[in-house]
Amino acid sequence: GLQEVGEKMPQATDDTLGVGRRLSGSYRRSPLASSQARGTRFAAVELGGMSIRVAIAEGSPDNIIDRKTFKTRTPAETIPLIVEWLRERQPFASLGIASFGPIDPRPGSKTFGYITSTPKLAWRNFDLYGALDVFGVPMAFDTDVNAPAMYEFLHARQYVNPQITSCAYITVGTGVGIGLVVNGKPVHGLLHPEAGHIPYPRLPGDTFGGLPGYNVPDGCEANSSAVALAQRAGLDSPDGLVDLPDSDPVWAHAAHYLAGVCVSIILVASAEKIVLGGGVLNRKCLFPMIREQVQKTLNGYLDVDFITTDKINEYIVPAIHGNDAGIIGTLVLAETAVADLGPESPRPVSTLSVTAAAPVLVAQPTERSGSYVTSALIGVVTALAVHRMFPKL
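What this report covers is the structure whose coordinates are included nearby. (Residues numbered from 1 in each chain as written. Predicted model: local features only at pLDDT ≥ 70, side-chain atom pairs only at ≥ 80, totals over all residues. Heavy atoms only, no water.)

For the protein chain, the helix and strand inventory stands at 11 helices and 15 strands. Looking at the 393 residues of the protein chain, the share that counts as buried comes to 56%. Taking the intrachain contacts of the protein chain between residues at least 6 apart in sequence as the baseline, contacts between residues at least 24 apart amount to 66%. With the model as given, the accessible surface of the protein chain reaches about 16,200 Å², and the carbon-plus-sulfur share is 52%. (Helix = DSSP H or I, 4+ residues; strand = E, 2+ residues; numbered from the N terminus. Buried < 20%, exposed > 50% of the residue type's maximum accessible area, 1.4 Å probe, protein only. Contact = heavy atoms within 4.5 Å. Areas by Shrake-Rupley, 256 points an atom, 1.4 Å probe, with all protein chains shown as cover.)

A few words on the sheet that holds strand E12 (residues 274-277). The strand order across the open sheet formed by 5 strands is E11-E10-E9-E12-E13, and the pairing between neighbours is mixed. At either margin of the open sheet sits one strand with a lone partner, and together these are strand E11 (185-186) and strand E13 (316-318). Pairing of strand E9 (residues 166-172) with E12 involves 4 bridges; the strand directions are parallel. Looking at the pairing, Tyr169 lines up with Val275 of E12. Lying over the sheet, helix H6 (residues 249-269) contacts E9, strand E10 (176-182), E12 and E13, oriented at roughly 160° with respect to E9. (Pairing = 2+ DSSP bridges. Axes fitted to C-alpha atoms, helices over the stretch in contact; angles between N-to-C directions.)

Further remarks concern the side chain of Thr40. Residue position: Thr40 is located in the loop between strand E1 (13-14) and strand E2 (41-47). For Thr40, a relative accessible area of 18% translates into the label buried. Those residues in contact with Thr40 that lie beyond four places of it in its chain are Ala57, Glu58, Gly59 and Ala93.

So, on to unusual backbone geometry. Following Gln90, the chain continues to Pro91 via a peptide bond in cis, the omega torsion being 10°. Secondary-structure assignment places Pro91 in the loop between helix H1 (75-87) and strand E5 (94-99). In this structure, the amide linkage connecting Gly101 to the following residue, Pro102, adopts the cis form with an omega of 0°. Here Pro102 is to be found in the loop between E5 and strand E6 (114-115). Positive phi, close to 55°, is recorded for Ser270, a residue that is not glycine.

Turning our attention to the nonpolar core. One finds Ile170, Ile265, Ile274, Leu276, Ile290 and Val294 to be the most contacted residues of the largest nonpolar core, which totals 43 residues. Every element with two or more residues in this core is listed here: E9, E10, helix H5 (226-232), H6, E12, helix H7 (286-298) and helix H9 (312-315). The element contributing the most residues to this core is H6, with 13 residues. (Core = buried A, V, L, I, M, F, W, Y, C linked by side-chain atoms within 4.5 Å.)

Taking 1.5 Å of rise per residue, 21 residues should cover 30 Å, and H6 covers 30 Å from first to last C-alpha, within 8% of that figure. The N-cap residue of H6 is Asp248: its side-chain oxygen and the backbone nitrogen of Val250 are 2.9 Å apart. One or two residues past the end of H6 sits Ser270, with phi positive at roughly 55°. (Expected span 1.5 Å × (residues − 1). Polar contact = N/O pair within 3.5 Å; in protein donor to acceptor, adjacent residues only side chain to side chain.)

Let us look at the packing of aromatic side chains. The description of two aromatic rings rests on the distance between their centres and on the angle between their planes. Taken as a whole and assessed by the stated rule, the structure comprises 6 aromatic pairs. Residues Tyr129 and Phe141 carry aromatic rings whose centres are separated by 6.3 Å and whose planes lie at 85° to one another, so their mutual orientation is edge-to-face. Of this pair, Tyr129 sits in helix H2 (residues 128-132) while Phe141 sits in strand E8 (residues 139-143), and the two are 12 residues apart along the sequence. Neither residue differs from the other here; Tyr129 and Phe141 are each classed as buried. Among the aromatic residues, those joined into a cluster by ring pairs are Phe100, Trp123 and Phe126. One Lys or Arg, Lys311, reaches over the ring of Phe306 and ends 5.2 Å from the middle of that ring. (Phe/Tyr/Trp six-rings, centres within 6.5 Å; stacked < 30°, edge-to-face > 60°. Lys NZ or Arg CZ within 6 Å of the ring centre and 35° of its normal.)

This paragraph deals with the environment of Ser51. You can see Ser51 is positioned in strand E3 (residues 51-58). Sequence spacing of Ser51 and Arg73 is 22 residues, and the spatial spacing of their C-alpha atoms is 8.4 Å.

We now examine the packing of H6 against H7. Contact pair H6 / H7: the axes reach a minimum separation of 8 Å and the direction vectors enclose 50°. In terms of their interaxial angle, H6 and H7 are classed as oblique. Considering only the axes of H6 and H7, their crossing is right-handed. Across the interface between the two elements, Trp251, Ala252, Ala254, Ala255, His256, Leu258, Ala259, Cys262, Val263, Ile266 and Leu267 of H6 pack against Leu286, Met289, Ile290, Gln293, Val294, Thr297 and Leu298 of H7. For the contact of H6 with H7, a count of residues per class yields 15 nonpolar, 3 polar and no charged. (Parallel < 35°, antiparallel > 145°, perpendicular 65-115°, else oblique. Left-handed = near helix turned anticlockwise from the far one by under 90°. Nonpolar A, V, L, I, M, F, W, Y, C, P; charged D, E, K, R; others polar.)

Shown next as structure tokens:
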């Protein structure tokens, strides 16, 4: 997604962080960091709609020591650049890969590791895992939203609430993606959640109709992604969104659809934490608008203080690492690969699970993640909820 609404993406430029610098003044060691991992180097590749980020971390996923950003072009143009950059930084113990979707994260599937039916035609049915499996190290593969969702969950469990079992991560950039952790595991089910396409009623007077060519024109992504917001505002590019004032009506539409996704997640998955990230969410006025709309839509139906009171400010929150949520989450995937498999194992890694024996997240290749909350179920429940709230629609 967009690093920042209105910021032009760099083309293969070195990051401004110096080697070895912490990501923020409030740096804490990763919830996954262990004595075995200290000194270990992890590599990550995060594919977004406009940019592809690669990074090396040492000791823990949030200690990034080197990184670079490439513009998302075609696989033939981009993959060689990524491989070359990573080769120059070997050795590393493992590689995490997180990608826009839909993807196939099911070990044993003929298309495991593929980007499948994406609207990005150049990447459709592309074997991403196979293209990057050239370093001889354990690899982990998931969506670009499940990875940061897992990091946010682990951080909350270690530093906020040790009893937490669930977390949702929503990113809004060129698309809208949702990662979901339930019972300590990222949800895959039939494939993986695609809740960014949940349909939701329009605001009164809204004649936009969604982005052209979308399978779900009434979905959140078709109406509130950076691309959709730019078209709503009559802009040639999402880059221009940064110049719009907070009072522009486009932000009310964004908040409306994003609140709808939050309500659906609350009603279906009962997530204990909702994290919002991505370039569009750099517009900070959206957070109070989304929280207010969530409270208004639920209308006191759920008598939970994290929804009905000001505690909602602690429930619907920005990502801990801001625009670095995705790349750090991808480095978490890399750490899980080396933690579970060791550097000699050839097994692919996709599904994460937390063991009772140790606080470190380990990876186990299973075809189902233990939770079967899928986009289809979300759509059914959302439709019922919307009919109850808006019976005249």
